[in-house]
Amino acid sequence: MHDFKYIGNRFYCESLNVESVARKVGTPFYLYSHKTLLDHFRKIQRAFKDIDPLICFSMKANSSLALVRALVNAGAGLDIVSGGELFKALKVGCPGNRIVYASVGKTEEEILEAIKKGILFFNVESLPELDLINEASHRLNKVTQVAIRINPDVEPGTHQYITTGKLTNKFGMDFLTARKIFEQRSRFGNLNINGIHMHIGSQIIDGAPFLDAIRRVIRFIDNLRFLGIRLEYLNIGGGLGIIYKDEKPQTADQFAQAVLPLLKKTGLKIILEPGRFIVGNAGILVTKVLYIKKSVEKTFVIVDAGMNDLIRPSLYQAYHEILPLNKYSSRPIKAVDVVGPICESGDFFAKNRKMCLPNEGDLLAIMSAGAYGFSMSSNYNSRKRTCEILAKGSKFAVIRKRQSYQDLVEGETIPNFIK
Ligand code: PLP
């Protein structure tokens, strides 16, 4: 599943002793395994090899340049959702024709830029957006490919904040609206509306919702074909769940076996947009215990990482395993809250977690932090964003340096009327 493990009592990433990294770069820091990252990408590639899909890594999961470059070098395309992600995608050398662009709120400026850069297609989420892309393409004298994002109205059985394919969510369009668009496609003279997109949510453990959604979408595609409307692309999104605790998510092979027969029948070029599956278990957050605080009710393990570094527990009540970098068998097991230094009671990594009571100064690994970890981090409480480290074998490189206090005030000015 990943390349983080104990050798004796010491914790390793590939063949790199993680504590030795901490001594060099300080804490907290994100640490990624190059091997795990590529292994997970290749698992999907292999599982779907029969149809040779374009696997567009979803940059929102982690857009750190070194990781994205490694995936692009391995043949990945990219799923982007902003002008910033487009900028970074091009910066790592991803060819435009391997980039697909979703988001319910693309601005005119972002749309113009993406057309100029020749992305493969937009995943369009509303009628006004479709009009704007048509108009922008007209101005640039281009014909732009678009896929209509369908909201298939299925329940993916994940956290409500990462459920995206129900009609109460803001994403995509219902079948009727989509059908009207296809019927009136001649109205959009500068668009080639030749794809369907769906993405029903994230951290989906069970295969059934995917199958349900794909079946609905394929029925829709068949109806379009009946009307003489032919497509080129079917983008089935991302959303494959990973193991954080004791989940038993479908494997890439199981997923492929279930959906391949359906996908093959469409004869369309298939796109996938996995994010979490590729990078989630390829990264950890390493943090140091600052204090052990005993209150009347609880024992708090206060660490030097906070919700600004990894917000998933606060935002989604997400579970992350927490392991000591040095295993200690002689310590008592205790139920503790592992919390950060931020002035919010929501700043925690674990609640009532039974673990070997660490000592102050001990180092802990917060596991499965590669996806939606650094990419969702912030400077809240004027905290410097952490550094990121990439390990390969026994070597490592700093792929993002820790921010300085000066970075925290970069771009700010105090106007004269205050001076
Ligand atoms: N595609 C789209 C449109 C998304 O919104 C997301 C995430 O929310 C993804 C792909 C990636 O999802 P995941 O990281 O669960 O694979």
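**Some points on the overall build of the protein**
Along the backbone of the protein there are 12 helices and 20 strands. The C-alpha atoms of the protein give 23 Å as radius of gyration, which agrees with the globular expectation for 419 residues (22 Å, within 12%). Each principal axis of the C-alpha distribution contributes one length, and for the protein these read about 70 × 60 × 40 Å. By residue count, 56% of the 419 residues in the protein fall in the buried class.

**Some words on the nonpolar core**
Judged by nonpolar contacts, the single largest core of 103 residues is most densely connected at Phe48, Leu78, Phe122 and Leu234. For this core, the element with the highest residue contribution is helix 8 (residues 208–226), accounting for 9 residues. Dropping the residues within four chain positions of it, Leu234 is found in contact with Ile196, Val217, Ile218, Ile221, Leu263, Thr266, Leu268, Lys269, Ile270 and Ile271. If you look at the next biggest cluster of nonpolar residues, it comprises 20 residues, including Leu16, Leu323, Ala365 and Met367.

**Here's the deal with the site of the ligand**
Close contacts around the ligand come from 15 residues, with Ser202, Gly239, Glu273, Arg276 and Tyr372 the closest. Gly275 is positioned with one of its backbone polar atoms (N or O) 2.9 Å from an oxygen atom of the ligand. Side-chain polar atom of Tyr372 to an oxygen atom of the ligand: 2.6 Å apart, as the coordinates give it. Within the complex, the protein chains bury 93% of what would otherwise be the 400 Å² of accessible surface of the ligand.

**Observations concerning helix 8**
The end-to-end C-alpha separation of helix 8 is 27 Å, in line with the 27 Å expected for 19 residues at 1.5 Å each. Among the residues of helix 8, Pro209, Phe210, Leu211, Ala213, Ile214, Val217, Ile218, Phe220, Ile221 and Leu224 are the ones counted as buried. Each element contacted by the buried residues of helix 8 is listed here: helix 7 (175–183), strand 10 (191–197), strand 11 (233–235) and helix 9 (252–266). Looking one or two residues past helix 8, Gly228 carries a phi angle of roughly 85 degrees, positive in sign.

**A look at unusual backbone geometry**
For the peptide bond that leads from Thr27 to Pro28, omega is -5 degrees, which places it in the cis range. At Ser103, a residue that is not glycine, the phi angle is positive and equals roughly 125 degrees. Note that Ser103 resides in the loop between strand 7 (99–101) and helix 5 (108–116). One non-glycine residue, Asn141, lies in positive phi territory at about 60 degrees. Among the structural elements, Asn141 can be located in the loop between helix 6 (127–139) and strand 9 (144–149). Overall, the relative accessible area of 70% leaves Asn141 in the exposed class.

**Some points on helix 7**
Taken together, the buried positions of helix 7 are Ala178, Ile181 and Phe182. Around the axis of helix 7, the buried residues are gathered within 95 degrees of arc, so they sit on the same side. Among the structural elements, helix 6, strand 9, strand 10 and helix 8 are those in contact with the buried residues of helix 7. The backbone nitrogen of Leu176 has a side-chain oxygen 3.1 Å away, supplied by the residue at the start of helix 7, namely Asp174.

**Observations concerning the sheet that holds strand 5 (residues 54–58)**
Strand order in this closed barrel of 8 strands is 5-6-7-8-9-10-11-12, and the pairing throughout is parallel. Sheet twist, expressed as the average angle between the axes of neighbouring strands with direction ignored, equals 30 degrees. The pairing of strand 10 with strand 11 spans 3 bridges and is classified as parallel. Bridging across to strand 11, Gly195 finds its partner in Tyr233.

**A closer look at the domain arrangement of the protein**
Partitioning the protein into structural domains gives domain 1 (4–31 + 280–404) and domain 2 (34–278). Between domain 1 and domain 2, the C-alpha centre-to-centre distance is 32 Å. Taking both partners together, domain 1 and domain 2 bury about 2,000 Å²; carbon and sulfur atoms supply 57% of that area. Three residues stand out in domain 1 for area buried against domain 2, namely Tyr316, Tyr319 and Tyr372, and they jointly supply 27% of the buried area on that side. The tally of links from domain 1 across to domain 2 stands at 0 salt bridges. Across the contact surface, domain 1 and domain 2 share 11 residue pairs in polar contact (both at pLDDT 80 or more). Taken together, the elements giving at least two residues each to the side of domain 1 that touches domain 2 come down to helix 11 (312–316), strand 19 (387–392) and strand 20 (395–400). Per-class residue counts for the side of domain 1 that touches domain 2 are 10 nonpolar, 8 polar and 6 charged.

Criteria and cut-off values
Residues numbered from 1 in each chain as written. Predicted model: local features only at pLDDT ≥ 70, side-chain atom pairs only at ≥ 80, totals over all residues. Heavy atoms only, no water. Helix = DSSP H or I, 4+ residues; strand = E, 2+ residues; numbered from the N terminus. Rg over C-alpha atoms; globule rule 2.2 N^0.38 Å. Buried < 20%, exposed > 50% of the residue type's maximum accessible area, 1.4 Å probe, protein only. Core = buried A, V, L, I, M, F, W, Y, C linked by side-chain atoms within 4.5 Å. Contact = heavy atoms within 4.5 Å. Near = heavy atom within 4 Å. Polar contact = N/O pair within 3.5 Å; in protein donor to acceptor, adjacent residues only side chain to side chain. Areas by Shrake-Rupley, 256 points an atom, 1.4 Å probe, with all protein chains shown as cover. Expected span 1.5 Å × (residues − 1). Arc of directions from axis to C-beta. Pairing = 2+ DSSP bridges. Axes fitted to C-alpha atoms, helices over the stretch in contact; angles between N-to-C directions. Domains from an automatic or database assignment. Buried area = accessible area lost by both parts, 1.4 Å probe. Salt bridge = Lys/Arg side-chain N within 4 Å of Asp/Glu carboxyl O. Nonpolar A, V, L, I, M, F, W, Y, C, P; charged D, E, K, R; others polar.

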